[in-house]
Amino acid sequence: MKILAVDYDGVISGSALKSLFTSHNAYCKYFGSEVKKNFGGELFTFNNWEEMQKKYKKEMDDYRRLRSYIELPGDFFAILKITEEQVQIKDQQEFIAYRNQLQFDYHFFRELFFKEKEKWQEKSFRKWFFLSPVFKEVIKGIQRFTKEGQKIVIATSNLGEAIHRAFRPEYLGFKMDIEDIFDKNFGKHKAEHMQAIAKKYGAKLNEIYFIDDQLSYLKGTDVLGVNVFLAGWGYCTESQKEEAKKEKITVIEEEKDFYPVLKKALS
C-alpha cells in the first residue's frame with residue numbers, strides 16, 4: 001500500500017503569514033509596552049493587514065527569510081526577537097544557537113499563540129483562511145490523486161483540529177478526514193509521524209512518499225526508508241535545496257511539478 005504524506009504549511013498552504021499575524025499579536029501581549037520596534041508595536045487586524053504588509057515591507061522580508069528555519073512552534077518567538085533586535089542570522093545553525101540562549105517561557109507563549117489564533121478564527125474563519133495564499137497547483141494535484149484512489153494523509157506540526165476546517169470545498173477544494181491528519185501530537189519530528197502512519201495503515205515505511213518544505217524534517221525521515229521530497233516553492237532556502245541535493249533528496253522546484261514528479265515516483 002503506497003501512501004502520499006503531504007505537509008500542510010509551505011506545501012499546500014502558504015500559511016506563514018497567518019503564523020506571523022498570530023505570533024506578532026501574542027508577542028505584543030506577552031511583552032506589552034516593551035515591544036516598540038516590530039511593526040510599530042501595532043496589533044494586526046483583518047482591517048489593517050494589507051496596509052501593514054506594505055508599510056513594514058522590511059520586517060515582512062526579514063520574516064519570510066527567517067521562516068525557513070522554523071522547527072518548533074516557539075521558533076516564531078525567536079524570529080520576532082531576532083527581527084526586533086536586528087540580529088544577523090546566516091543559517092540554520094546560527095538560528096538554533098540564538099534560539100537556545102533565549103530566556104523565555106515557551107509554554108506560556110504557545111498558549112497565547114493558540115488563544116489568539118482561535119479568537120481570529122472565531123471572528124471569521126473565511127477571512128482568517130485567506131490571510132495567506134494557497135498553492136493551487138498542489139491542490140489540483142491532490143484532487144487528481146484523490147480521484148485516482150491514491151491514499152493521501154497530512155503530516156503537520158500544527159494541531160489537526162486547527163487546520164481540519166480548511167479541508168472543505170469552499171476553502172481547499174477537497175475533503176480530508178481528521179483521522180488522516182497526523183499532527184504535532186504524534187511527535188516533534190516528522191519521522192515519528194511516518195512511523196505512526198505506517199502502523200495505522202499497515203504499510204511499510206518504504207511505501208510512504210513524504211513531501212515537506214522543511215529540510216530538517218526530511219533528514220532523519222529518509223533513513224527510515226521513507227521516500228522524501230523537498231518542496232521548492234515553500235519556505236526552504238537555496239542553500240537548503242543545495243544541501244538536499246547533496247543528500248540525494250529529490251527537490252521539486254515548482255508547485256506545477258508536484259503531480260507529475262510524485263505520480264512518476266508512485267507508479
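Everything in this summary refers to the structure shown in the same document. It should be emphasised that the depicted structure is a prediction, and the values quoted were computed from it without experimental measurement.

The first and last C-alpha atoms of helix α8 (residues 136–147) sit 17 Å apart over 12 residues, in line with the 16 Å expected at 1.5 Å per residue. Residues of α8 that are buried include every one of Val138, Ile139, Gly141, Ile142 and Phe145, and no others. Buried residues of α8 fall within an arc of 160° about the axis and therefore sit on the same side. Across from the buried face of α8, at angles greater than 90 degrees, the exposed residues are Lys136 and Lys147. Contacts from the buried residues of α8 go to β1 (3–6), β2 (151–155) and α13 (258–266). At the exit of α8 stands glycine 149, carrying a positive phi of roughly 85°.

All right, on to the packing of aromatic side chains then. One pass over the full model with this rule turns up 29 aromatic pairs. Taking the centre distance of 4.9 Å and the plane angle of 85° together, the rings of phenylalanine 44 and tryptophan 49 count as edge-to-face. For the pair phenylalanine 44 and tryptophan 49, a shared accessibility class is recorded, and that class is buried. Cation over ring: lysine 18 sits above phenylalanine 129, and NZ or CZ is 5.2 Å from the ring centre. Against the face of phenylalanine 31 rests lysine 81, its NZ or CZ located 5.1 Å from the ring centre.

Thresholds, definitions, all that
- Residues numbered from 1 in each chain as written.
- Predicted model: local features only at pLDDT ≥ 70, side-chain atom pairs only at ≥ 80, totals over all residues.
- Heavy atoms only, no water.
- Helix = DSSP H or I, 4+ residues; strand = E, 2+ residues; numbered from the N terminus.
- Expected span 1.5 Å × (residues − 1).
- Buried < 20%, exposed > 50% of the residue type's maximum accessible area, 1.4 Å probe, protein only.
- Arc of directions from axis to C-beta.
- Contact = heavy atoms within 4.5 Å.
- Phe/Tyr/Trp six-rings, centres within 6.5 Å; stacked < 30°, edge-to-face > 60°.
- Lys NZ or Arg CZ within 6 Å of the ring centre and 35° of its normal.

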